[in-house]
Structures are given as C-alpha cells and as structure tokens.
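Coordinate inspection notes
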Amino acid sequence: MIIIIFVQKYKMTSLTEENYLKAIYNLNSSKGTKASTNAIAAKMETKASSVTDMIKRLNEKNLIVYQKYQPVYLTEEGKKVAISIIRKHRLWEYFLVENLKFGWDEVHDIAEQLEHIQSKELTNRLDKFLDFPRYDPHGDPIPNMNGEFPNRKREKLSNAKKGDNVMVTGVKDDSTEFLNYLKQLKIQLGTTLSIHATNAFDQSISIQTEEGIPISISEKVSNNLFIKSLS
C-alpha cells in the first residue's frame, strides 16, 4: 500500500518576518522611496546579507515579489499581513494614550511588542472598545478590519504661508527624540499655530503657539509636522 502525504506550506509568519513585511510596506508607501535591499537594511538596522536571506524566505512563502537587483514588492497576501500589523500597532498606541495615559512619545516601543499578538478577535474587540478610532496619537490613519485606510490630505507645516493659522494633525517622524523635542516646544496633536514669517535663507518659520509663545521652527521640523489650515 502506498501512502501519499500532502504537506501544506507553512504560512504562519514569525515576529521578524512581520517586521520585514511592515518595513517593505512602509518603504513602498512613502513618496520617493522603494524597498531595495539597502533601503530595507537601513530600515531594519541590519546587514544587506541578512535582508537577502529574509527576502528569499518571504519569497518562498509567496508574501513578496522579488527579482534580483530590483525593489521588493508585497503580494496581496503579504500586504494583508503588513496592514494587519500596522492596524494593531496603531490601535494599541491609541489605547495606551487614551486609556492608560501614556505620552505620545512613550507608546511606540510598547506597541511594537503588542502588534504581534495574533488574535483577530482581540484586535476587532479592541477596535470596537475604542469606538473605531480613525487616527493614532501621532495622526497616522488606522486601517479598519477590511484593511481600508481613512482618506485625509496631509499638508506639511513647511508649506504654510505668513498669516496662516493652522492646527497640528500629525507627525512624519514619530521617533522619541522628535516627540520629546515637540513636547519641549509645547506642540502636540491639536495645537494651533499662527505663522508670523517665513525665512527664504534657511527655510525656517517663525510661529506663535496658542499660548502666545513665539518660536522659530527649522526646516527639518516643519517638514516633519502635518497641519490643516484654520484660515
């Protein structure tokens, strides 16, 4: 008697694989960047040789589309995994800030751990418990259970003009260092700013906060702050 055993390809993803999928998604979603081997290595803070090994593994699982010397792209299945991780990360950040009163500069590393919980039921119940928030504490859109992101035009503070009144709606750089710097300036989500002057020499911007404090904002900072016009 001949017994034929069909072995189903292992589809579960490890924590490291999930981090790579998220990195590839974010690189390809950012304007002006592509998920090349070197870009992924820089994003993951690892060696290019380690990236190559991981790319081969993800390709075997049909989670990415890979051709030698070409940028990496996610398959539909890979995209679903990446968006699911992003959804969990941003929901947990929202929960930590709104319910446990963490600062917006404290939640990223904790959410990095919580985003790998596999239970879809827990994620959906968390979403419902939070009343289906559309944006995380840094202003980034939270995808729904179908993987759909809310639409919102994002304008940088660097594009504001003299006389504009604007509100801070998000940050491009959510590093602890940058968020701590904004805290020192008393700038957070919802802070209103008045644009007093723009400097053509170094692209800095003179602003006034809602507390009446005059501040000079560098081009680097203004390029990392998203705003909406109140004028």
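The structure presented is a predicted model; accordingly, all values stated were derived computationally and were not measured. (Residues numbered from 1 in each chain as written. Predicted model: local features only at pLDDT ≥ 70, side-chain atom pairs only at ≥ 80, totals over all residues. Heavy atoms only, no water.)

**Some points on the nonpolar core**
- If you look at the biggest cluster of nonpolar residues, it comprises 21 residues, and the most contacted ones within it are L21, I24, I40, L58, I64, V72 and L74.
- At the level of elements, helix 1 (15-29), helix 2 (37-44), helix 3 (48-60) and helix 4 (76-98) are the ones that each hand at least two residues to this core.
- Filtering out sequence-adjacent residues up to four positions away, I64 remains in contact with L21, I24, I55, L58, N59, V72, Y73, L74 and T75. (Core = buried A, V, L, I, M, F, W, Y, C linked by side-chain atoms within 4.5 Å. Buried < 20%, exposed > 50% of the residue type's maximum accessible area, 1.4 Å probe, protein only. Helix = DSSP H or I, 4+ residues; strand = E, 2+ residues; numbered from the N terminus. Contact = heavy atoms within 4.5 Å.)

**Looking at the sheet that holds strand 7 (residues 214-217)**
- Read from one edge to the other, the open sheet built from six strands follows the order 3-8-4-5-6-7, with strand pairing classed as antiparallel. Looking at the sheet topology across the chains shown, the edges are occupied by strand 3 (155-156) and strand 7.
- Pairing analysis gives four bridges linking strand 6 (residues 205-209) to strand 7, with the strands arranged antiparallel. From the neighbouring strand, Q208 faces strand 7, where its bridge partner is P214. (Pairing = 2+ DSSP bridges.)

**Looking at the environment of N62**
- Here N62 shows up in the loop between helix 3 and strand 1 (64-65).
- For N62, a relative accessible area of 43% corresponds to the partly exposed category.
- A sequence separation of 15 residues divides N62 from E77, and the C-alpha atoms of the two residues are 7.6 Å apart.

**Topic: the packing of helix 1 against helix 4**
- The geometry of helix 1 relative to helix 4 is characterised by a closest axis approach of 9 Å and an angle of 95 degrees between their N-to-C directions. With respect to helix 4, the axis of helix 1 lies roughly perpendicular. Judged by residue contacts, E18, L21, K22, Y25 and N26 of helix 1 engage G78, K79, V81, A82, I83, I85, I86 and H89 from helix 4. (Axes fitted to C-alpha atoms, helices over the stretch in contact; angles between N-to-C directions. Parallel < 35°, antiparallel > 145°, perpendicular 65-115°, else oblique.)

**Looking at the packing of helix 1 against helix 2**
- Taken N-terminus to C-terminus, the directions of helix 1 and helix 2 make an angle of 120 degrees; their axes are 10 Å apart at the nearest point. Regarding the angle of helix 1 to helix 2, the classification is oblique. Two packed elements cross with a definite hand, and for helix 1 against helix 2 that hand is right-handed. Facing N19, Y20, A23, I24, N26 and L27 of helix 1, the residues of helix 2 in contact are A39, I40, K43 and M44.
- Its residues assigned to classes, the contact of helix 1 with helix 2 shows seven nonpolar, two polar and one charged. (Left-handed = near helix turned anticlockwise from the far one by under 90°. Nonpolar A, V, L, I, M, F, W, Y, C, P; charged D, E, K, R; others polar.)

**Looking at the pattern of salt bridges**
- The final tally for this structure, using the stated rule, is 10 salt bridges.
- A salt bridge links E115 to K22; the nearest nitrogen and oxygen atoms lie 2.9 Å apart. Taken as a pair, E115 in the loop between helix 5 (108-114) and helix 6 (120-129) and K22 in helix 1 lie far apart in primary sequence, 93 residues in all.
- The partner of E121 in a salt bridge is R125, with the nearest N and O atoms 2.7 Å apart. Taken together, the residues span about one helical turn, with E121 and R125 both in helix 6 at a distance of four residues.
- Among the residues examined, R125 registers a relative accessible area of 58% and is labelled exposed.
- Put simply, E17, R57 and K61 are held in one network by salt bridges that share partners. (Salt bridge = Lys/Arg side-chain N within 4 Å of Asp/Glu carboxyl O.)

**Section: helix 6**
- When we look at burial in helix 6, the residues that qualify are T123, L126 and D127. The buried side chains of helix 6 occupy one side of the element, clustering within an arc of 100 degrees when seen end-on. Turned more than 90 degrees from where helix 6 packs its buried face, R125, K128 and F129 sit exposed.
- Where helix 6 begins, the side chain of S119 points an oxygen toward the backbone nitrogen of E121, at a separation of 3.5 Å.
- Directly beyond the C-terminal end of helix 6, a positive phi value near 65 degrees is found at D131. (Arc of directions from axis to C-beta. Polar contact = N/O pair within 3.5 Å; in protein donor to acceptor, adjacent residues only side chain to side chain.)

**A look at unusual backbone geometry**
- In this structure, E45 takes a positive phi of about 55 degrees despite not being glycine.
- Owing to a relative accessible area of 76%, E45 belongs among the exposed residues under this scheme.
- Even without being a glycine, Y69 presents a positive backbone phi close to 70 degrees.
- By secondary structure assignment, the location of Y69 is in the loop between strand 1 and strand 2 (73-74).
- On the accessibility criterion, Y69 (74% relative accessible area) is exposed.

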